[in-house]
Amino acid sequence: MFRKVYWLFSHLGLMAVAAAFIMGFRYDPAAPLRNVVFDLLLYAAFIAVHILMTMPAVKQALFGRPEGTPAERRVYITVSVASWLAVYFLHRPVPGFGFDPPQWLVFFGLCALLLSLVAFFEFATFESIGRLVGMPGSEISHTTGSEAPLLMEGPYASVRHPMYRAFLFLAASSLLVHPNAGQLLFGVVVSASFLAFI
């Protein structure tokens, strides 16, 4: 039973960031500027926990192995999904620019956004995603330890991490669907987080 529940939670959780960009972030031209500060602090709390949990020293201290374990990965995914959902549902409307785009631009932007999502999961299978999220019975496949090989073939020949590049396009495409300051704020801070990991 746990395996089925965790499979659904983790796989839907992987879609939560993209879903947030598809749905859009709150925007209100009359919102107070302090909302931007609140949103930045909220996101900073999310990313601090996210980064902390990827550190080999933390993995060693909590799980006994610097490269992590499938159980560590399940905790990481659970905390990441729950904290991202908290960011999305607790963020406040951002003041600034915004306009209603024509329907053709929204359609084009949504197509580009979905194409970016496909690129994000390039070469992914449910089996490989299972290893990524630490499904019970799977082997660990993603780690920051020295045992992780530096990939230099296929999509990795032109960029260190193709998923990060795909996310940058996803965030940019989402601005065609939701051209407002709230979307721009979260597009910039999430993209900057991805770039910091490269």
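See above for the structure.
Summary of the structure given here. Computed from a prediction, not measured in an experiment: that's the story for all the values here.

1. Some words on the nonpolar core
The tendency in soluble globular proteins is for nonpolar side chains to be buried as a group.
So, step 1. One finds Phe-21, Tyr-43, Trp-84, Phe-167 and Val-190 to be the most contacted residues of the largest nonpolar core, which totals 38 residues.
So, step 2. Secondary structure elements with two or more residues in this core: helix 2 (16-23), helix 3 (34-54), helix 5 (70-90), helix 6 (103-120), helix 7 (126-133), helix 8 (162-177) and helix 9 (181-197).

2. Here's the deal with helix 9
So, step 1. Here helix 9 spans 25 Å end to end across 17 residues, near enough to the 24 Å set by a 1.5 Å rise per residue.
So, step 2. On its buried face, helix 9 is in contact with helix 2, helix 3, helix 5, helix 6 and helix 8.

3. Brief notes about the environment of Arg-165
So, step 1. If you trace the backbone, Arg-165 turns up in helix 8.
So, step 2. Overall, Arg-165 belongs to the partly exposed group, its relative accessible area being 31%.
So, step 3. Taking the C-alpha atoms as reference points, Arg-165 and Phe-194, separated by 29 residues in sequence, lie 8.7 Å from one another.

4. A closer look at the packing of aromatic side chains
So, step 1. Considering all chains together, one arrives at 11 aromatic pairs under this definition.
So, step 2. Considering the side-chain rings of Phe-2 and Tyr-6, the 5.8 Å spacing of their centres and the 15° angle between planes classify their relative orientation as stacked. On the criterion of helical spacing, the pair formed by Phe-2 and Tyr-6 is a turn pair, its members being four residues apart in helix 1 (residues 2-14).
So, step 3. Between Phe-25 and Trp-84, the aromatic rings sit 6.4 Å apart at their centres with planes inclined by 80°, giving edge-to-face as the arrangement. With Phe-25 in the loop between helix 2 and helix 3 and Trp-84 in helix 5, this residue pair connects regions lying 59 residues apart in the sequence. The same class applies to Phe-25 as to Trp-84, namely buried.
So, step 4. A cation over a ring is seen here: Arg-92 above Phe-38, with NZ or CZ 3.7 Å from the ring centre.

5. Points about the side chain of Arg-74
So, step 1. Considering the arrangement of structural elements, one finds Arg-74 in helix 5.
So, step 2. Salt bridges are absent for the buried Arg-74, whose nearest opposite-charge side chain, Glu-72, sits at 9.5 Å.
So, step 3. Non-local contacts of Arg-74, meaning those with residues more than four positions away in its chain, are made with Phe-2, Tyr-6, Val-133, Gly-134, Met-135 and Pro-136.

6. Some words on a nonpolar patch on the surface
So, step 1. Together, Trp-7, Leu-8, Leu-12 and Phe-126 make up a nonpolar patch on the protein surface, roughly 440 Å² of accessible area in all.
So, step 2. You can see Leu-8 is positioned in helix 1.

7. Notes on the pattern of salt bridges
So, step 1. Tallied over the full model, the rule gives one salt bridge.
So, step 2. Salt-bridge contacts for Arg-65 lead to Glu-67; the nearest nitrogen and oxygen are separated by 2.7 Å.
So, step 3. When its relative accessible area of 18% is taken as the criterion, Glu-67 is described as buried.

The rules behind the values
- Residues numbered from 1 in each chain as written.
- Predicted model: local features only at pLDDT ≥ 70, side-chain atom pairs only at ≥ 80, totals over all residues.
- Heavy atoms only, no water.
- Core = buried A, V, L, I, M, F, W, Y, C linked by side-chain atoms within 4.5 Å.
- Buried < 20%, exposed > 50% of the residue type's maximum accessible area, 1.4 Å probe, protein only.
- Helix = DSSP H or I, 4+ residues; strand = E, 2+ residues; numbered from the N terminus.
- Expected span 1.5 Å × (residues − 1).
- Contact = heavy atoms within 4.5 Å.
- Phe/Tyr/Trp six-rings, centres within 6.5 Å; stacked < 30°, edge-to-face > 60°.
- Lys NZ or Arg CZ within 6 Å of the ring centre and 35° of its normal.
- Lys, Arg positive; Asp, Glu negative; His and termini not counted.
- Salt bridge = Lys/Arg side-chain N within 4 Å of Asp/Glu carboxyl O.
- Patch = residues over 30% accessible without salt bridge, like charges linked within 9 Å, V, L, I, M, F, W, Y side chains within 5 Å.
- Areas by Shrake-Rupley, 256 points an atom, 1.4 Å probe, with all protein chains shown as cover.

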